[in-house]
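Given next are the chains, with one letter for each unit.
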Amino acid sequence: MGEKEGGVGKKITVGVCVMEKKVKCGSEVFSAPMGQILERLQAFGEFEIIHFGDKVILQDPIERWPICDCLIAFYSSGYPLEKAEAYAALRKPFLVNELEPQHLLHDRRKVYERLEMFGIPVPRYALVNREFPYQELDYFMEGDDFVEVHGNRFWKPFVEKPVHGDDHRIMIYYPSSAGGGMKELFRKVYTVGPEYAHAEARKSPVVDGVVMRNPDGKEVRYPVLLTPAEKQMARDVCIAFRQAVCGFDLLRSEGRSYVCDVNGWSFVKNSYKYYDDAACVLRKMLLDAKAPHLSSTIPPTLPWKVNEPVQPSEGLTRQGSGIIGTFGQSEELRCVITVIRHGDRTPKQKVKLKVTEEKLLNLMLKYNGGRPRSETKLKSAVQLQDLLDATRALVPRSRPGRESDSEAEDVEHAEKLRQVKAVLEEGGHFSGIYRKVQLKPLKWVKVAKSNGEGEEERPVEALMVLKYGGVLTHAGRKQAEELGRYFRNNMYPGEGTGLLRLHSTYRHDLKIYSSDEGRVQMSAAAFAKGLLDLEGQLTPILVSLVSKDSSMLDGLDNASIEMEEAKARLNEIITSGAKTVLGNGSSSTPWMVDGAGLPSNASKLLPKLVQLTKEVTEQVRLLAKDEDEKLAETASYDIIPPYDQAKALGKTNIDVDRIAAGLPCGSEGFLLMYARWRKLERDLYNERKVRFDITQIPDVYDSCKYDLLHNAHLNLEGLDELFKVAQLLADGVIPNEYGINPKQKLKIGSKIARRLLGKLLIDLRNTREEAISVAELRSNHDQSTKNGKEETEYQLKPHSKNEDARRSSFTSDKSMDQDDDDDKETKYRLDPKYANVKTPERHVRTRLYFTSESHIHSLMNVLRYCNLDESLQGEDSLVCHSALERLHKTKELDYMSYIVLRMFENTAVALEDPKRFRIEMTFSRGADLSPLEKNDSEATSLHQEHTLPIMGPERLQEVGSYLTLEQMERMIRPFAMPAEDFPPPATPQGFSGYFSKSAAVLERLVNLWRPFHKHGTSNGKL
C-alpha cells in the first residue's frame, strides 16, 4: 500500500459481494443503511468500493470475480455462500464477516448451541423436532395454558420460532384466561466489530400482540443503554459467530438478560448517527487489517459533513472558567458525576377550597373505596374526567354581578370551582405527571344505611387541593437538550465527538436518575437526547433511559422543622427592619452572618412589592374579564379540545399563532393567568391582619420571571419594575430558606441531600475500585510478559486477600448500583488487552442526577460548609475562598444549574498514593438572566425564542490545587448516608451462574478468536 500511481496513493479495494437487494443504489441509496454506510466509507478517500452485482455472483466463475483487498460478504435468500467461501480461499481478502460460521445462522438450534457453548445466556427453551406438520410426539404434550416438552412445562404466553433462521413466522400463544401477559422489551443490538454496539428496543409483541408503529408505519424503536454485562454479551456474540457486523435480539426479563436470536449481518435503520459511527468503525477495522501504517484517527469534521452548514452546537451555553483544557499525559478521566436542576417551567400552582357538594363528595367515596374518613388522590385520566364532569355541572353559567346579593364567600367558592374547571380543561389532556387532586374529608354525620339496618358515617365537607403547573416549557426542553450537547463536546476528552465513540464502545458506563416530578423527568430525557445525539421523541428516551428515584432526589420532609425555623428567623429579620446579624462573619467572609444576602432595605421593599403586584394583577384581571365574556357568549362547556401530546410533554417550539393573537404563551389562558396573580396578591399581604408573608416572595419572583420571558408581548406595565424588586428580595430569601447561616445551611443540606451524598460517594468508590482492578491486571500482564509467557494466553486473576479486604466495605455499594458491579460477581477478570480495548484506562463512568432547586442548594451548601462540622474542625473548605465569594454573590441557582464532580486517575503515581485519584469540582448557576435585564440585540433574539442561555461551568477550586478522593470522602462522609443503609435490591438470579462459567469459557473464546480473521493473518496484515 502507499505506492504512487499517477501521483495518487493506491486505494484499498473493498469488494461488496452481496445480493443487490441488500445494497440499494442510485436514487434509493438514501433509504438503505448499507448504501449510507458505504457512501460514508468512500468519502474518507482511502477506499475504492467495488460492487460485484447479482450477475457476477450468480453466473460468473469465481476466477472472474473482481480481486479486492477486503471483502464484505453475507448470506441472504438465494445467495451462493459456498461459492463465496471458495472465492475467499482463492484470493484471501480480509473478511469483515467470516463466511463459514454463517451456515450456523440458518438453523436456530445451532445458534442456541453456539451461544450456550460460549456461556452466553439464552432464555429457557425446548426443541420440538417434527418430520412433518402436526406429527404426534411422545415427548410433547399440549394443555389449555401450557405445553410440556420432555417433562418441562412452559406456561403461556410463550413464543414459538421455526428452526430455520430465515423463517420469521413467529407465533405467540396466549393463555385462555383474560389479562396476564408479560412486559419484556426486545432489545435489538447491532455490533460493528467486537468493540462497538448500538442498541434499541421495541415492545415485545408478547405483551399484548400489538406492534407499536410511528406515523410513517415504522415500528417504534426506543433507545437503550446496555449494562456492562450486556456489552460483554454483545462482544461474545460477535466473537462466537466470528461476525464483526452482527445483529442479535436481547431479551430482558426479571433482572436478567438473554440472547434470544442472532441474525448475522444487519444494520440499524434510519439513524444517521449510527451510519456515521459504523463507517468510522469499519474504516478503522479495514485500515488496521490492510494499512496499519496509516492513521485511523477520526478527523474532527467527518468528510461527508464538510459542506454541511455549521450548526450552533451550544448556542444557549456560555463559556465559563471551569472547563479544563489539557491535562497530563498520565492522567485519565475516570468518572463524571453531575447533579442538575430541571429546565424552565411554568409557575407551580395550587388551589384549595372546601366543598360540600354531593357530586364531589360521592366522587371522593367512589375512589377511596367508600371509606368516609379516607382521603383520595385523583391522577388518572378517567378520575380527572369524572371530576371535570362534576365540576362543570356545579359551575354557574354566569358570574354574579357586583350588585348581587351573593355572599362574598359564595362568589369566591364559585371562582375557585371555575378555576378548577379551567385547569382540567387546559390543553385538552389529562396527565398525572402535571396535575393531581386531593380530596380530604373534614366533617362527617351519621346517616341511616340504605338497607335500613343501623347507621353509617357519611362525609359532608371535604378539602379539595388541586396542584398543577410546573410543566417543562419549550424553552426548558431546548435548554436541557443544548446543555446535553455542550456536555458531549466539552466534558469528555477524546478525538472528534469523543463521548459518542466512548459510549457506543464498551468503555462508557452511563446511568441517568430523576426525581418523580414530570418536569425533572422530561429535562433528563431532553438532556440525554442532546448528550447521546439521539433521534426522535422524548417519551421513548424517558421510558428507556431515565430511572426514577424519588427517595434520593425528591422531598424536603427530613428537614421541614429546621426550614420552618429558618423561615421564621428570616421573617423576623426582614419585617423588623433589622440589619443582618454578624455571627462569625467579617468583611472578608460576609456569608458567615445570619441572613447574608438580604438587601438592607428589605422591610421598605415589601410594601412596594405588594403595590406593584396589585397593579399587574389588575391588568391581568381586565384581560381575563374580556376573555371570560367571550367564552360565555361562544363556548360550549361540553366540548374538550383534542388531546395535544406536545403540550403534555413540553413543547419544542413556541405557539406562534397564540402569541400573534395576543394570548398568553403555552396553554395558560387569561383566566388561569389571573388566578395565578390574584392568589399571589392575596397571599403576599393580609390586609385584615396587616401582615406580610415572605414565603410568597419566591413565587412572586417566579411569576415575574416567567411572564417577562414568555409573555412580554402582553406589555404588562410595571412588570419590569416588579421583577427588579422581587429579584432583590428573592436573592436574599431563597438561599436563606435553606439555612439562615452557614451552620444551619450545612445541617439542612445534609438532611435533604443525605441519600444523594451517599450515592455520590458510592459512585466514586466503585470507580476507584474498578480502576485499581484494571491497573493491577495490567501490571500482572506486564510482569508475565517479561517472564516470557505467551501473549496470546488469557490472563486470569483471582482476587487476592488484600483485594478482598479492600472491597469488603463495598458490599452495599454493589447492591445500590448493581449494574456497575455485575462484573464483580466473577472471581476472575479478563486482561483488558484481550478485551480488544487498546486504552482500557479510558473506561468512563457517568452518573447524571436530575432534581429540583432544593437538592442543588443542599448539595452546594454541604460542599462549601462541610468543614464547619465539629468533627472536621481546623479543615479548610472543599471550596476555595474566591469561589465562596462568587457563590455568595451568585445567590440564585436557576433552571439547569448544575454541579459536576470529575475524577481523574494519575497512572504515573503508585496505586497506594492518595494522589492517584483527583477530584475536580465545577458548578454553573444555570440560566443567565441578563437578557431580561438588557435591551441589546442578543436579548431581543432570546426574547423572541422565549429562552435564556445557560452559564458555563465555573471552578470551585483554585487552579493548580489538588483535591484527592481520600480527602473528599473524609469531608463528605459525616453527612452522607452510609453505604450499608442503602436497601439492597434483589440480586438478579442467573447472572452468578453465567459469570461463574465465564472463566471456563475463556480458553474456548481465544481458540475460536484466533482463526476469526485467518485470511488477514496469513497475509500478515492483522
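Residues numbered from 1 in each chain as written. Predicted model: local features only at pLDDT ≥ 70, side-chain atom pairs only at ≥ 80, totals over all residues. Heavy atoms only, no water.

## Here we look at the overall build of the protein chain
Of regular secondary structure, the protein chain possesses 32 helices and 30 strands. Relative to its full complement of 1022 residues, the protein chain shows a buried share of 55%. Taking contacts inside the protein chain between residues at least 6 apart in sequence as the whole, the part at least 24 apart equals 76%. (Helix = DSSP H or I, 4+ residues; strand = E, 2+ residues; numbered from the N terminus. Buried < 20%, exposed > 50% of the residue type's maximum accessible area, 1.4 Å probe, protein only. Contact = heavy atoms within 4.5 Å.)

## Considering the sheet that holds strand β4 (residues 47-51)
With respect to topology, 4 strands assemble into an open sheet ordered β4-β3-β5-β6, the strand pairing being parallel. Unpaired on one side and paired on the other, β4 and β6 (94-95) mark the two borders of the sheet. Relative to strand β5 (residues 70-73), strand β3 (residues 12-17) runs parallel, the two sharing 4 bridges. By the bridge assignment for β5, V16 is matched with I72. (Pairing = 2+ DSSP bridges.)

## Quick look at the packing of aromatic side chains
Taken as a whole, this structure holds 16 aromatic pairs when the rule is applied. Taking 4.6 Å as the distance between ring centres and 65 degrees as the angle between the ring planes, the aromatic pair formed by Y112 and Y125 counts as edge-to-face. Residue Y112 is found in helix α4 (residues 108-117), and its partner Y125 is found in the loop between α4 and β7 (140-142); the two are separated by 13 residues along the sequence. Of the residues examined, Y112 reaches a relative accessible area of 9% and is grouped as buried. With relative accessibility at 32%, the residue Y125 sits in the partly exposed group. (Phe/Tyr/Trp six-rings, centres within 6.5 Å; stacked < 30°, edge-to-face > 60°.)

## With respect to helix α8 (residues 381-394)
An ideal rise of 1.5 Å per residue puts 20 Å on 14 residues; α8 measures up with 20 Å between its terminal C-alpha atoms. Among all positions of α8, only Q383, L384, L387, L388, A390, T391 and R392 are buried. (Expected span 1.5 Å × (residues − 1).)

## Describing the sheet that holds strand β21 (residues 455-469)
Across the sheet, which stays open at both edges, the 4 strands sit in the order β18-β21-β20-β19 with antiparallel pairing between neighbours. Each edge of the sheet is formed by a strand with only one pairing partner; in this case those strands are β18 (348-355) and β19 (376-378). Direction aside, the axes of adjacent strands within the sheet are offset by 25 degrees on average. Examined bridge by bridge, strand β20 (residues 436-448) and β21 share 12 bridges and lie antiparallel to one another. Bridge pairing in β21 places L439 opposite M464. Running over the sheet, helix α7 (residues 358-367) touches β18, β19, β20 and β21 and is turned about 90 degrees from β21. (Axes fitted to C-alpha atoms, helices over the stretch in contact; angles between N-to-C directions.)

## Digging into the pairing of strand β9 (residues 152-155)
Sheet topology note: the strand β8 (residues 146-149)/β9 ladder contains 4 bridges and is antiparallel. Bridged to F146 within β9 is W155. Here β8 folds back onto β9 in antiparallel fashion, the turn holding 2 residues, of which H150 has a positive phi close to 50 degrees.

## Here's the deal with the pattern of salt bridges
As a working rule, side chains carrying opposite charge can pair if their charged atoms are close by. Within this structure, the stated rule accounts for 52 salt bridges. Linking D509 and R845 is a salt bridge whose minimum nitrogen-to-oxygen distance equals 4.0 Å. Of this pair, D509 sits in strand β22 (residues 508-514) while R845 sits in strand β26 (residues 844-851); the two residues are 336 residues apart in sequence, bridging distant segments of the chain. Among the salt bridges present, the one from R621 reaches E618, with a minimum N-O distance of 2.8 Å. One end of the pair, R621, and the other, E618, are both in helix α16 (residues 602-634), 3 residues apart, so they sit about a helical turn from each other. Exposure remark for R621: the relative accessible area of 23% places this residue in the partly exposed category. (Salt bridge = Lys/Arg side-chain N within 4 Å of Asp/Glu carboxyl O.)

## Quick notes on the environment of T613
Along the polypeptide, T613 turns up in helix α16. For T613, a relative accessible area of 0% corresponds to the buried category. Non-local contacts of T613, meaning those with residues more than four positions away in its chain, are made with W677, E681, L684, V700 and L722.

## A short note on the nonpolar core
One finds L483, F487, I512, F527, L609 and W677 to be the most contacted residues of the largest nonpolar core, which totals 84 residues. In this structure F527 touches I340, A480, E481, L483, G484, F487, L848 and F850, once residues within four positions along its chain are discounted. Counting 49 residues, the second largest nonpolar core, distinct from the first, contains M592, L757, I899 and M971. (Core = buried A, V, L, I, M, F, W, Y, C linked by side-chain atoms within 4.5 Å.)

## Re a positive patch on the surface
On the surface, K350, K352, K377, K379, K436 and K467 cluster together to form a positively charged patch. Mapped onto the elements, K377 comes out in strand β19. (Patch = residues over 30% accessible without salt bridge, like charges linked within 9 Å, V, L, I, M, F, W, Y side chains within 5 Å. Areas by Shrake-Rupley, 256 points an atom, 1.4 Å probe, with all protein chains shown as cover. Lys, Arg positive; Asp, Glu negative; His and termini not counted. Charge placed at Lys NZ, Arg CZ, Asp CG, Glu CD.)

## Structural notes on the packing of helix α15 (residues 560-576) against helix α21 (residues 719-737)
Running from amino to carboxyl end, α15 crosses α21 at an angle of 150 degrees, the nearest separation of the two axes being 9 Å. As the angle between them shows, α15 and α21 are arranged roughly antiparallel. The way α15 lies across α21 gives a crossing that is right-handed. The segment α15 lies against α21, with M563, A566, K567, L570 and I574 engaging V733, N736 and E737. Its residues placed into classes, the contact of α15 with α21 shows 5 nonpolar, 1 polar and 2 charged. (Parallel < 35°, antiparallel > 145°, perpendicular 65-115°, else oblique. Left-handed = near helix turned anticlockwise from the far one by under 90°. Nonpolar A, V, L, I, M, F, W, Y, C, P; charged D, E, K, R; others polar.)

## Looking at the packing of α15 against helix α22 (residues 742-752)
At a minimum axis distance of 9 Å, the contact between α15 and α22 shows a crossing angle of 150 degrees. The crossing of α15 and α22 is left-handed. Where α15 abuts α22, its residues E562, M563, E565 and A566 lie against Q744, K747, I748, K751 and I752. Among the residues forming the contact of α15 with α22, the class breakdown is 4 nonpolar, 1 polar and 4 charged.

## Quick word on the side chain of H888
Turning to its location among the elements, H888 is positioned in helix α27 (residues 881-890). On the accessibility criterion, H888 (19% relative accessible area) is buried. In this structure, H888 is in contact with P590, W591, A596, G597 and R864, ignoring residues within four places of it in sequence.

## A short note on the confidence of the model for the protein chain
Mean pLDDT for the protein chain: 78, with 76% of residues reaching 70 or above. Confidence drops under pLDDT 50 across residues 789-841; counting only partners more than four residues distant or on other chains, this segment forms 130 contacts. Considering only residues more than four positions removed or in separate chains, one finds that residues 985-1022, a stretch of pLDDT under 50, has 77 contacts. (pLDDT = per-residue confidence, 0-100.)

## A closer look at α22
Summarising burial for α22: 8 of the 11 residues are buried, a large majority. Looking only at α22, the buried set comprises P742, Q744, K745, L746, I748, G749, S750 and I752.

## Regarding unusual backbone geometry
We note that H150 has phi near 50 degrees; this positive angle belongs to a residue other than glycine. Among the structural elements, H150 can be located in the loop between β8 and β9. Despite not being glycine, M896 has its phi angle at roughly 65 degrees, a positive value.

## Comments concerning the environment of T922
Considering the arrangement of structural elements, one finds T922 in strand β28 (residues 917-924). Considered as a pair, T922 and Q957 are 35 residues apart in the sequence and their alpha carbons are 7.9 Å apart.

## Examining the pairing of strand β27 (residues 898-906)
Most of β27 is tucked away, with 9 of its 9 residues classed as buried. The side-chain alternation of β27 yields two buried faces, one formed by Y898, V900, R902, F904 and N906 and the other by I899, L901, M903 and E905. Inspection of the sheet shows strand β17 (residues 331-341) paired to β27 by 9 bridges, in the antiparallel sense. Among the inter-strand pairings, I340 is bridged to a residue of β27, identified as Y898. Of the pairings in the sheet, the one linking β27 to β28 comprises 8 bridges and is antiparallel in character. For E905, the partnering residue across the bridge sits in β28 and is F917.

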